[in-house]
Amino acid sequence: MPKTAAVTGAGSGLGMEVAKLLLSNGYNVALLGRRAAALEAVAAGHGQALVVPCDVTEPGQVTESFAAVARHFGRIDVLFNNAGTNVKGAPIDEIPVEDWLTVLNVNLTGAYLCARAAFAQMRAQDPQGGRIINNGSISAQAPRPGSAPYTISKHGITGLTRTLSLDGRPFNIACGQIDIGNALTDMARPMLDGVPQADGSIKAEPVMDPVHVATSVLHMAELPLEANVQFMTVMATAMPLVGRG
């Protein structure tokens, strides 16, 4: 029987790349996101794809969406907890509180709600267990200038990962985190033109093909539940992480 994976933020970017690779490797894949048309385009009529429109910031929608996935496929083996957003960079006192709430609601509350729903299903199903893979960020390790909402949210994801890893032990639920640096999605395209550096300069940064993220997530997903990648960093080789600042 094929494994079933749920991917949030599956309509574009890294979620799209991961969903497509999982489908090509025989997984049942539930594609979750706000834009039904984008999800349908990713699914492309694939017989093992299930489109589930869902706003991850809405608790009721998240609960029902994961229940729908379990009803359709019978279980959930993997969650790629990926949905995220960002706002324009600025010093903290120039960032509107509304922008802070937007980022935290999607990146942290949304991730919490999806992990909660997946955990409940993995705990209840027979055989029990599964794997949650949280999308962290290089910013979970070191911030960029002017990135308080995003960086704080991604540090929170690290706390979520560690807590789930501990709470999941009695139920055969593994949890790991992938910290990604400069994968060339639409969100990362400004890297090509130049972004602020810790010394105040503006410089272009190296990028990498998002397919390398997808293959890394697939590797994490394919491990038996007795083994776990707790934290993985996959990044453009020459980007400024080591020595940032």
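Please read these numbers as outputs of a predicted model, since none were measured by experiment.

Each value, and the rule that gives it
- Residues numbered from 1 in each chain as written.
- Predicted model: local features only at pLDDT ≥ 70, side-chain atom pairs only at ≥ 80, totals over all residues.
- Heavy atoms only, no water.
- Helix = DSSP H or I, 4+ residues; strand = E, 2+ residues; numbered from the N terminus.
- Expected span 1.5 Å × (residues − 1).
- Buried < 20%, exposed > 50% of the residue type's maximum accessible area, 1.4 Å probe, protein only.
- 1 Å grid on protein atoms, 1.4 Å probe; cavity = no way out; pocket = protein on both sides within 12 Å on 5 of 7 lines; lining within 4 Å.
- Points joined across faces, edges and corners; volume = space filled by probe spheres on them.
- Nonpolar A, V, L, I, M, F, W, Y, C, P; charged D, E, K, R; others polar.
- Patch = residues over 30% accessible without salt bridge, like charges linked within 9 Å, V, L, I, M, F, W, Y side chains within 5 Å.
- Areas by Shrake-Rupley, 256 points an atom, 1.4 Å probe, with all protein chains shown as cover.
- Salt bridge = Lys/Arg side-chain N within 4 Å of Asp/Glu carboxyl O.

**Student:** Explanation requested: helix α1 (residues 13–24) in the structure shown.
**Tutor:** The α-helix advances 3.6 residues per turn, and as a result positions three or four apart in sequence lie on the same side. A rise of 1.5 Å per residue sets the reference length of α1, with its 12 residues, at 16 Å; its end C-alpha atoms lie 17 Å apart and thus fit the reference within 8%. When we look at burial in α1, the residues that qualify are Leu14, Gly15, Val18, Ala19, Leu21, Leu22 and Leu23. The positive-phi residue at the C-terminal boundary of α1 is Gly26, with phi of around 90°.

**Student:** For this particular structure, what's the right way to read the layout of surface pockets?
**Tutor:** One way to see where empty space is left: roll a probe the size of a water molecule over the atoms. Empty space within the second largest pocket amounts to approximately 180 Å³. Lining the second largest pocket are 13 residues; nearest its centre among them are Lys3, Arg75, Asp77, Gly130 and Leu225. Partitioning the lining of the second largest pocket into residue classes produces 6 nonpolar, 3 polar and 4 charged.

**Student:** Please explain a nonpolar patch on the surface as it appears in this structure.
**Tutor:** A contiguous nonpolar patch, built from Val97, Trp100, Leu101 and Ile152 and spanning about 350 Å² of accessible area, is present on the exposed surface. Among the elements that take part in the nonpolar patch, helix α4 (residues 97–124) stands out by supplying 3 residues, more than any other. Topologically, Val97 is positioned in helix α4. Residue Val97 is classed as exposed on the basis of its relative accessible area of 54%.

In short, shape yes, function no, at least from these values alone.
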